Amino acid sequence: MDFFENIVWGFCRWDLVAIIFLIAVTAWFFIRRHQLNKEIRELKKKSKL
């Protein structure tokens, strides 16, 4: 019955784990992207001097 209950509700504990994982990966991606863009701007600024 547990399987059918999950189908009825459309949500299980693994969905929560997957959502947390996706949020963490997305946050890491955007933080890393921001850091790299910041570093690139600094390097371009140094090369112009």
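Here goes a summary of the coordinates provided. (Residues numbered from 1 in each chain as written. Predicted model: local features only at pLDDT ≥ 70, side-chain atom pairs only at ≥ 80, totals over all residues. Heavy atoms only, no water.)

1. Focus: the overall build of the chain
Then, number 1: A tally of regular secondary structure across the chain gives two helices and zero strands.
Then, number 2: The proportion of buried residues among the 49 residues of the chain is 0%.
Then, number 3: Accessible area of the chain: about 5200 Å², with a carbon and sulfur share of 70%. (Helix = DSSP H or I, 4+ residues; strand = E, 2+ residues; numbered from the N terminus. Buried < 20%, exposed > 50% of the residue type's maximum accessible area, 1.4 Å probe, protein only. Areas by Shrake-Rupley, 256 points an atom, 1.4 Å probe, with all protein chains shown as cover.)

2. Re the packing of aromatic side chains
Then, number 1: Within this structure, the stated rule accounts for one aromatic pair.
Then, number 2: Ring centres of phenylalanine 29 and phenylalanine 30 lie 5.3 Å apart, and the angle between their planes is 75 degrees; this geometry places the pair in the edge-to-face category.
Then, number 3: Classification of phenylalanine 29 by relative accessible area gives partly exposed; the value is 46%. (Phe/Tyr/Trp six-rings, centres within 6.5 Å; stacked < 30°, edge-to-face > 60°.)

3. Let's talk about a nonpolar patch on the surface
Then, number 1: A surface patch of nonpolar side chains, about 310 Å² in accessible area, is lined by Phe21, Leu22 and Val25.
Then, number 2: In this fold, valine 25 is placed in helix α2 (residues 13–48).
Then, number 3: Overall, the relative accessible area of 38% leaves valine 25 in the partly exposed class. (Patch = residues over 30% accessible without salt bridge, like charges linked within 9 Å, V, L, I, M, F, W, Y side chains within 5 Å. Salt bridge = Lys/Arg side-chain N within 4 Å of Asp/Glu carboxyl O.)

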